[in-house]
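Listed here are the chains, written in short residue letters.
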Amino acid sequence: MACLALMWGGHHAGALTTPTVLLAAAVTLIILIGVCAYPKKMLANLGMGEVFSIILAAAFWFTIPTRASMLTVMAQDRLWATVMYAAMAAVTLGSWSRVLRDDAEHAELDRIANYNGKLSSDAALHQQAQVADLFAAAQSQHSQLTLASLDLDHFKQINARYGHLAGNAVLLAVSDTIQAALKQAAVNALTFRTNGEELNIVFPDADVHAATGALRHVAQAVRTHEYVYNHRAMNVTMSIGVTAMRSTDHTIDDVYRRADDAVYKSKRNGRDLITIDSEVITPVVAMPKDYSQYRYFAQGVYSLAGDHTRVLHELLLRRFDTGLGRYVLPDEFELPPVEIARLLRQAMAQTDFHRFNVNLTAAQFKDEEMAAALGAIAEAPDGPVELNVEVTDVVSAPLMRHISALYRDRGIKIYLDDVGSDNSYELVRTRLAYVDGVKFAIQNLRRNNDDGELLERISFWRQVAADNHLQFVLEGVETEADVAMAQEFGVRFVQGYYFGKPEPLSRNAQGAES
């Protein structure tokens, strides 16, 4: 700033006290102070920055005397100097703006990439202490306290379809939406993140009805917001469980358990719901969902013996997108039992090869109505020759024992999918006694494992299957080398693009029906 003042004074020597020069100096000083105070605003608005640059140049060049610093300054010189300064300023501002924008984008990418959906142990302990203190204060003061548990619906599908970075971006943006909605609702509320797509909100000094009013506002804000990542737009909803502290509660864990149970009931009743204790109080979507555009595609499971005969159809959900004019991965996979049964019968009518594997999420698998619906098809006189279910996410061991018995009683086999990647040995080892097979997906591990590590994992899971008398299916077989590797390990059943991509069912598919 001092150098600029010296340059200004040197070129305006002899005219510093004239009204025009004083006015130009004042305008220059005001603009420079504003630029120093708000540089990012100017860089974010290149048009405004260019206007200020022209004003600064004009204030300097059109007010200096004709003879200044041993130079003769003519009218065309003033105009030329102003134009040149404006041009240089445009280039400089554009460059700075681009650097600033790139830095902001990199910072946002770093924030998204480094976002960890799980709390650290220290953060979790601190959070638990805070909530426990709120509980203790409410008890001692005989005041009210309401707890809400929020869980994003179908969040794993966002990760699977768009990638983990997109999932992280959505989680961060949803958190911002919730905070803004709570602020707009003008309610005293404290938010606590648990793991990933789960969030708890504590409402001190509020009864359950006051809290529910704010939560309706939160749910609507999330539901109507369009979340965009990498030019892809996504919409999400939440299942919410609400409960108020009771005089019989000994610890905050008693309140947590009721809120979690209420969330589960919201999930079971269709999602995008708010449940107070055991009462579903707000079905948000009044119109029934239309599943008429869904159908099953099939990808074969093949035997490596002989001429590579197809032994099973794995049925994969697809939805017809009228805008694209083709079938795509659906946004929703957890169709109700009646729809899964309808699509399965539709698949049977489209092919003569009636050996099927049906994919179920954890919520679908532990639904006894789903087990009954699939069991009825399996036992029907015109039912399939073989019907199995693949579980993409494991459930607790006690629940696995109970539900698996319902399927086995109806002759339905159970496979654990994605072992070794999404489902680790530590997670599934206590469930192996209740299943009939495991599927190991090479494609989930190729990126982060070299050939040696991949072979070691296949060998491990092949042995786990053998030790537990389970059928082992190797997924992701794409090349002759993959087939040779499977044969080397004694793998009997394989699946992958080497044999064919998922395709509409037809009567041309050949397989072993005996």
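For the structure itself, consult the block above.
Thresholds, definitions, all that
The residue count restarts for each chain, going from 1 along the sequence in the order it is written. Only residues with pLDDT of at least 70 are given local features in this predicted model, and only at 80 or more are side-chain atom pairs given and counted; all residues enter the totals for whole chains, interfaces and linings. Neither water nor hydrogens contribute to the side-chain values; these are computed over all heavy atoms in the structure. The criterion is simple. A nonpolar core is a set of buried Ala, Val, Leu, Ile, Met, Phe, Trp, Tyr and Cys residues joined through side-chain atoms within 4.5 Å. Per-residue accessibility, obtained with a 1.4 Å probe over protein chains only, is compared with the maximum for each type, and a residue is labelled buried under 20%, exposed over 50%, and partly exposed between these values. Numbering of helices and strands starts at the N terminus; helices are DSSP runs of H or I of at least 4 residues and strands are runs of E of at least 2. Each patch is built from residues that are more than 30% exposed by relative accessible area and take part in no salt bridge. Like charges join if they lie within 9 Å; nonpolar side chains (Val, Leu, Ile, Met, Phe, Trp, Tyr) join within 5 Å. Note on areas: these come from Shrake-Rupley sampling with a 1.4 Å probe, and a residue is covered only by the protein chains present in the view. The term salt bridge refers to a side-chain nitrogen of Lys or Arg lying within 4 Å of a carboxyl oxygen of Asp or Glu. When charges are counted, Lys and Arg are positive and Asp and Glu negative, with His and the chain ends excluded. In this description, the location of a charge corresponds to atom NZ of lysine, CZ of arginine, CG of aspartate or CD of glutamate. Note on aromatic pairs: the rings of Phe, Tyr and Trp (six-membered ring only in Trp) are paired at centre separations within 6.5 Å, and the planes decide the class, stacked below 30 degrees, edge-to-face beyond 60, tilted for the rest. Definition used: whenever NZ (Lys) or CZ (Arg) falls within 6 Å of the ring centre and also within 35 degrees of the ring normal, the charge is taken to sit over that ring. To estimate the expected span of a helix, count its residues, drop one, and scale the result by 1.5 Å. The arc in question is formed by the directions pointing from the helix axis toward the C-beta atoms. Here a strand pair is declared whenever DSSP counts at least two bridges between the two strands. Place the viewer so that the strands point away; then a crossover is right-handed whenever the path from the first strand over the helix to the second strand goes clockwise. Each polar contact in these results corresponds to two N or O atoms within 3.5 Å; when the atoms are within protein, one needs to be able to donate a hydrogen and the other to accept it, and residues that are neighboring in sequence are counted only if both atoms are side-chain atoms. Note on definitions: a residue-residue contact is assigned when non-hydrogen atoms from the two residues lie within 4.5 Å. Every angle, taken between N-to-C directions, lies between 0 and 180 degrees, and every axis is a line fitted to C-alpha atoms, over only the stretch in contact when it is a helix. The cut-offs work like this: below 35 degrees is roughly parallel, past 145 is roughly antiparallel, 65 to 115 is roughly perpendicular, and the gaps in between are oblique. Left-handed describes a crossing whose near helix is turned anticlockwise from the far helix through less than a right angle; right-handed describes the clockwise counterpart. Throughout this entry, Asp, Glu, Lys and Arg are counted as charged residues, while Ala, Val, Leu, Ile, Met, Phe, Trp, Tyr, Cys and Pro are counted as nonpolar. The remaining residues, Gly among them, count as polar.

Outline the nonpolar core, supporting the account with residue identities and numerical values.
Ranked by size, the top nonpolar core spans 60 residues in total, and within it Phe365, Leu374, Tyr407, Leu416 and Leu474 carry the most contacts. Examining the composition of this core, we find that six residues originate from one element, helix 11 (residues 337-350), more than from any other. Ranked by size, the runner-up nonpolar core spans 34 residues in total, among them Val170, Leu199, Leu215 and Val236.

Break down a negative patch on the surface for me, with residues and values.
On the surface, Asp450, Asp451, Glu453 and Glu456 cluster together into a negatively charged patch. Note that Asp451 resides in helix 16 (residues 451-467). The class for Asp451 is exposed, based on a relative accessible area of 61%.

Any details on the packing of aromatic side chains? Residues and values, ideally.
This model, assessed by the stated rule, comprises nine aromatic pairs. Considering the side-chain rings of Tyr498 and Phe499, the 5.0 Å spacing of their centres and the 85° angle between planes classify their relative orientation as edge-to-face. On the basis of relative accessibility, which here comes to 29%, the residue Tyr498 falls in the partly exposed class. Joined through ring pairs, the aromatic side chains of Phe297, Phe320 and Tyr327 make up one cluster. The lysine or arginine in question, Arg295, covers the ring of Tyr327, its NZ or CZ lying 5.6 Å from the ring centre. The ring of Phe297 carries Arg318 above its face, with NZ or CZ at 5.9 Å from the centroid.

So what's going on with unusual backbone geometry? Residues and values would help.
The phi dihedral of His154 is positive, around 55°, even though this residue is not glycine. Positive phi, close to 55°, is recorded for His469, a residue that is not glycine. Counting through the fold element by element, His469 comes out in the loop between helix 16 and strand 18 (471-475).

Could you give an account of a nonpolar patch on the surface, naming the residues involved and the relevant values?
Taken together, the side chains of Leu23, Val27, Val51 and Ile55 define a hydrophobic patch exposed on the protein surface, amounting to about 320 Å² of accessible area. At the level of secondary structure, the elements contributing two or more residues to the nonpolar patch comprise helix 2 (19-37) and helix 4 (46-61). Structurally, Val51 is set in helix 4. Given a relative accessible area of 47%, Val51 falls into the partly exposed group.

Lay out helix 2 in plain terms, naming residues and giving numbers.
Along an α-helix, residues three or four positions apart point the same way, because every turn accommodates 3.6 residues. If you check helix 2, its first and last C-alpha atoms are 27 Å apart, about what 19 residues at 1.5 Å a residue would give, namely 27 Å. All buried positions along helix 2 are accounted for by Val21, Ala24, Thr28, Ile31 and Leu32. Within helix 2, the buried residues cover an arc of 100° as seen down the axis, which keeps them to one side. Facing away from the buried surface of helix 2 by more than 90 degrees, the exposed residues are Pro19, Leu23 and Ile30.

Any details on the pattern of salt bridges? Residues and values, ideally.
Taken as a whole and judged by the stated rule, the model has 17 salt bridges. A salt bridge links Lys439 to Glu314; the shortest N-O distance between them is 3.0 Å. With Lys439 in strand 17 (residues 437-441) and Glu314 in strand 12 (residues 310-321), the pair connects residues that are 125 residues apart, well separated along the chain. With respect to burial, Lys439 and Glu314 carry one shared label: buried.

Tell me about the pairing of strand 18, residues and numbers included.
By the criterion of burial, strand 18 is predominantly enclosed, with four of the five residues buried. In the sheet, strand 17 pairs with strand 18 via five bridges, with the strands oriented parallel. Bridged to Ala441 within strand 18 is Glu475. For the handedness criterion, the β-α-β arrangement of strand 18, helix 17 (residues 480-488) and strand 19 (residues 493-494) is classed as right-handed.

Give me the pairing of strand 8 (residues 238-244): which residues, what numbers.
Of all seven residues that make up strand 8, six are buried, and the element is covered over most of its length. Of the strand pairs in this sheet, strand 3 (residues 145-152) and strand 8 are connected by seven bridges, and their pairing is antiparallel. Within strand 8, the residue paired with Leu152 across the bridge is Met238. As paired elements, strand 8 and strand 9 (residues 273-276) share three bridges and run parallel to each other. Bridge pairing links Val242 to Ile276 in strand 9. You can see the chain leave strand 8, run along helix 10 (residues 252-268) and come back into strand 9, and the turn it takes is left-handed.

Lay out the side chain of Glu314 in plain terms, naming residues and giving numbers.
Note on Glu314: relative accessible area 4%, which makes it buried. Polar side-chain contacts of Glu314 include one of 2.8 Å to the side chain of Asn359. Beyond its immediate sequence surroundings of up to four residues, Glu314 is in contact with Phe297, Ala298, Gln299, Asn357, Asn359, Glu390, Lys439, Glu475 and Gln495.

Can you explain the packing of helix 8 (residues 164-185) against helix 9 (residues 208-224)? Please cite residues and give values.
Direction vectors running N to C along helix 8 and helix 9 enclose 140°, while the axes themselves pass 9 Å from each other. Of the possible angle classes, the one that applies to helix 8 and helix 9 is oblique. Taken as a pair, helix 8 and helix 9 cross one another with a handedness that is right-handed. Where helix 8 abuts helix 9, its residues Val174, Thr177, Ile178, Ala181, Leu182, Gln184 and Ala185 lie against Ala214, His217, Val218, Ala221 and Val222. Among the residues making up the contact of helix 8 with helix 9, the classes are represented as nine nonpolar, three polar and no charged.

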